[in-house]
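Fold and contact review
The residues making up each chain are set out below.
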Amino acid sequence: APKFLRQLWAYRSTLVIILTPLILLPLPLVLTGTESACGYIILLMAIYWITEVVPLAVTALIPLILFPMTGIMTSKEVSKAYFTDTNWLFIGGLMIAVAIENSELHRRIALRVLLLFGTKPRRLMAGFMATTFFLSMWISNTATTAMMLPIVEAVFIQLKESEIRTHREMIKVKNMHKYKPTIMFMVQKKKLKQSMRYIQIAFIKSSLSKNTQGKEQREIEASVNEKMERLVKGITLCVPYAASIGGTATLTGTAPNLVLAGQFQIIFPNATQDLSFGTWMAYSFPNAFVILLLSYAWLSWLFIGFGFSELRTCFKCTEKTLGERNAESVLRREYRTLGGMRWEEGTVLTVFILTAILWFFRKPGFMPGWGQLFNGNVSDGTVAMTMSFILFMLPRERPEFLCNSKDQGLMRPARPIVDWPTMERKFPWSVALLLAGGFALASGATKSGFSVWMGNQLRFLGGLQPWAICLVVSIVVCLFTECSSNTATTTLFVPILAQLAQVLEIHPLYLLVSPVLSASLAFMLPVATPPNAIAFAYGRLKVLDLVKAGWMLNIIGILVLTFFINTFGRSYFKLDTFPAWAALAPSALPTAASINETTTIV
């Protein structure tokens, strides 16, 4: 029996792949119609995504196969759903991120910010969190974490060795001062021979070294090791946590944000509310920044300690210890190896800043945007693809005709900032396919009527206040994403929550924004996000360390999201009304709101 069970476990992935569609098969056979067929496909994909028996990107291709076979959508319709405007925004944003990584501009920014914050433990943690938070707003959370953690390791090694060496020197000085009178008294004995004097001094020093000094050294080293281990655990954890938080601040920061933006356009094609880059950042950046500050306070207290006396000296200019000076020398040495800013880095930085400005001011909301010059025909995807296209043409080195060279020979063309082999190697194509599969799934759920059916099943939630529904859903999504991909989780929940909002006549963004943001708050398990897995792979963390630190961050995140959506979000998105474009959406059921333009939420 044990051998049989071990054999089953060895083939568990194969069994899940084969048995799942067979077990779920009665659903479309007994309940005829496109709704049940779509439900069958969604359940099949959900199980494959959660168990990861098939690569996530491959599972995302299932709608291309099953939607035409079941009559939900034609092959042409499914294919169009895979490449929406939002997906091109994602692809263009990632191309710019690859250029930043390839030029090592992100490494220069990281080291510069760390040197600015300093190397005292709390400042060091704040520096790593702030740097990771900022970088993950623009490049992938995984790439940011993979770049920052080696710097953490290098700094930690210097801190630990220097602290132990400093304490050893302090013990030697302390003991020499302690026994100085005895030694001096023996030296001043006139009747002792010169040789006897040296022998006794050597004997005292030897005894001191073997007994008192050795014991104190062991105790001090054990104390320093424990302190350093706690510190490195805290800093190792703060990097993936800050990356996850920073990804929520911008529309292109993490895939779930783009899932919401893309599916929102599919489900509500007539929406006057635009989830543009500027609109998202204006709301989500303050949200993310508050979560970052509270997370820093929690992690600092948990791993470093945060008493009132320490709070007063936290940012006070005090003399640096040997360990802190050595850690700073490591950062300075790493920064010096980069040399001066190269032409390539300056070019990428210029393109990056220009892209962010164009994204933000295309349709900022508080003023007319430059997008009106093109009659609103351009989108954030247009900007992303334009700037990424330019990166394939701009030179990597300073062109020779701009150099003051006396050589009159033929000028050679410079290589571009990014070439296609580099892009092909570094671009996360699997994430792009996963995102595209989510858009196709949302289109199928809307067209088949599955979203309407699911929304009707959740009508019982209408007895709760909207803020309570939002809180419950955010908690469910937050827990669900601890054991599954946050992109897959968002893909599954957004169509259901959109239909629930239509059935209950609640502004759709009320039930969509906070749950989607909570999908990125996966802090408790190594498998929850790739950044968590990378940090765990360094071997300094146990699962219990993530649970101890992560449970409070989950609570902090949910509370902050709930507070913001019910205060700032209400006025920013005008959540107190049920808009007409939501009532007239293709998947909406006939409601009172389809007659009246808006209905105030009571």
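It should be emphasised that the depicted structure is a prediction, and the values quoted were computed from it without experimental measurement.

It is worth spelling out the nonpolar core at this point. Counting 158 residues, the largest nonpolar core has Phe128 and Leu299 as its most contacted members. The greatest single-element share of this core, amounting to 12 residues, is contributed by helix H14 (residues 277–303). The contact partners of Phe128, leaving out residues within four places of it in the chain, are Leu114, Met148, Ile151, Val152, Ile235, Cys238 and Val239.

The subject of this paragraph is the pattern of salt bridges. Under the counting rule described, the total for this entry stands at 11 salt bridges. Note that Arg107 and Glu334 form a salt bridge whose closest N and O atoms lie 2.5 Å from each other. Taken together, the residues Arg107 in helix H9 (residues 105–117) and Glu334 in helix H16 (residues 322–337) connect sequence positions 227 residues apart. Taken together, the shared-partner salt bridges connect Arg108, Arg342, Glu344, Glu345 and Arg396 into one network.

A separate point is helix H18 (residues 380–391). Between its first and last C-alpha atoms H18 spans 17 Å; for 12 residues at 1.5 Å apiece the expected length is 16 Å, and the two agree. Every buried residue of H18 is listed here: Asp380, Gly381, Val383, Ala384, Met387, Ser388 and Leu391. On an axial view of H18, the arc spanned by its buried residues comes to 160°, and they lie on one face. Those residues of H18 that are buried lie in contact with helix H8 (85–103), H14 and helix H17 (343–362).

To continue, consider the side chain of Thr254. With respect to the element layout, Thr254 can be found in the loop between helix H12 (194–247) and helix H13 (255–267). Judged by its relative accessible area of 8%, Thr254 falls in the buried class. Contacts of Thr254, omitting those with residues within four sequence positions, involve Asn141, Gly247, Thr248, Asn486 and Ser520.

Attention shifts here to the packing of H14 against H17. In the contact formed by H14 and H17, the axes pass within 6 Å of each other and the chain directions differ by 90°. It follows from the interaxial angle that H14 and H17 lie roughly perpendicular. Judged by residue contacts, Phe277, Gly278 and Met281 of H14 engage Ala356, Trp359 and Phe360 from H17.

Before going further, it helps to examine the packing of aromatic side chains. The tally for this structure, following the rule as stated, stands at 26 aromatic pairs. Measuring from ring centre to ring centre gives 6.1 Å for Trp370 and Phe374, while their planes differ by 90°; the resulting arrangement is edge-to-face. When its relative accessible area of 23% is taken as the criterion, Trp370 is described as partly exposed. Among the aromatic side chains, those forming a connected cluster through ring pairs are Phe134, Trp138, Phe277, Phe352 and Trp359. Between the NZ or CZ atom of Arg12 and the centre of the ring of Trp9, over which it lies, the distance is 4.2 Å. Across the ring face of Tyr335, the terminal group of Arg112 is positioned such that the distance to the ring centre comes to 5.2 Å.

Now for the packing of helix H22 (residues 466–480) against helix H26 (residues 543–566). Two quantities define a packed helix pair, namely the angle between the helix axes and the distance between the axes. At a minimum axis distance of 10 Å, the contact between H22 and H26 shows a crossing angle of 150°. With respect to each other, H22 and H26 are oriented roughly antiparallel. Between H22 and H26 lies a crossing whose hand is right-handed. Facing H22, whose interface residues are Trp467, Cys470, Leu471, Ser474, Ile475 and Cys478, H26 presents Asn554, Ile558, Thr562, Ile565 and Asn566. A per-class count over the contact of H22 with H26 returns 7 nonpolar, 4 polar and no charged.

Residue-level pLDDT values for the chain average 79, and 80% of them are 70 or greater. Confidence over residues 179–193 falls short of pLDDT 50; this stretch has 12 contacts with residues more than four positions distant or in other chains. Across residues 198–205, confidence stays below pLDDT 50; counting only partners more than four residues off in sequence or on other chains, it has 8 contacts.

Cut-offs used in this document
- Residues numbered from 1 in each chain as written.
- Predicted model: local features only at pLDDT ≥ 70, side-chain atom pairs only at ≥ 80, totals over all residues.
- Heavy atoms only, no water.
- Core = buried A, V, L, I, M, F, W, Y, C linked by side-chain atoms within 4.5 Å.
- Buried < 20%, exposed > 50% of the residue type's maximum accessible area, 1.4 Å probe, protein only.
- Helix = DSSP H or I, 4+ residues; strand = E, 2+ residues; numbered from the N terminus.
- Contact = heavy atoms within 4.5 Å.
- Salt bridge = Lys/Arg side-chain N within 4 Å of Asp/Glu carboxyl O.
- Expected span 1.5 Å × (residues − 1).
- Arc of directions from axis to C-beta.
- Axes fitted to C-alpha atoms, helices over the stretch in contact; angles between N-to-C directions.
- Parallel < 35°, antiparallel > 145°, perpendicular 65-115°, else oblique.
- Phe/Tyr/Trp six-rings, centres within 6.5 Å; stacked < 30°, edge-to-face > 60°.
- Lys NZ or Arg CZ within 6 Å of the ring centre and 35° of its normal.
- Left-handed = near helix turned anticlockwise from the far one by under 90°.
- Nonpolar A, V, L, I, M, F, W, Y, C, P; charged D, E, K, R; others polar.
- pLDDT = per-residue confidence, 0-100.

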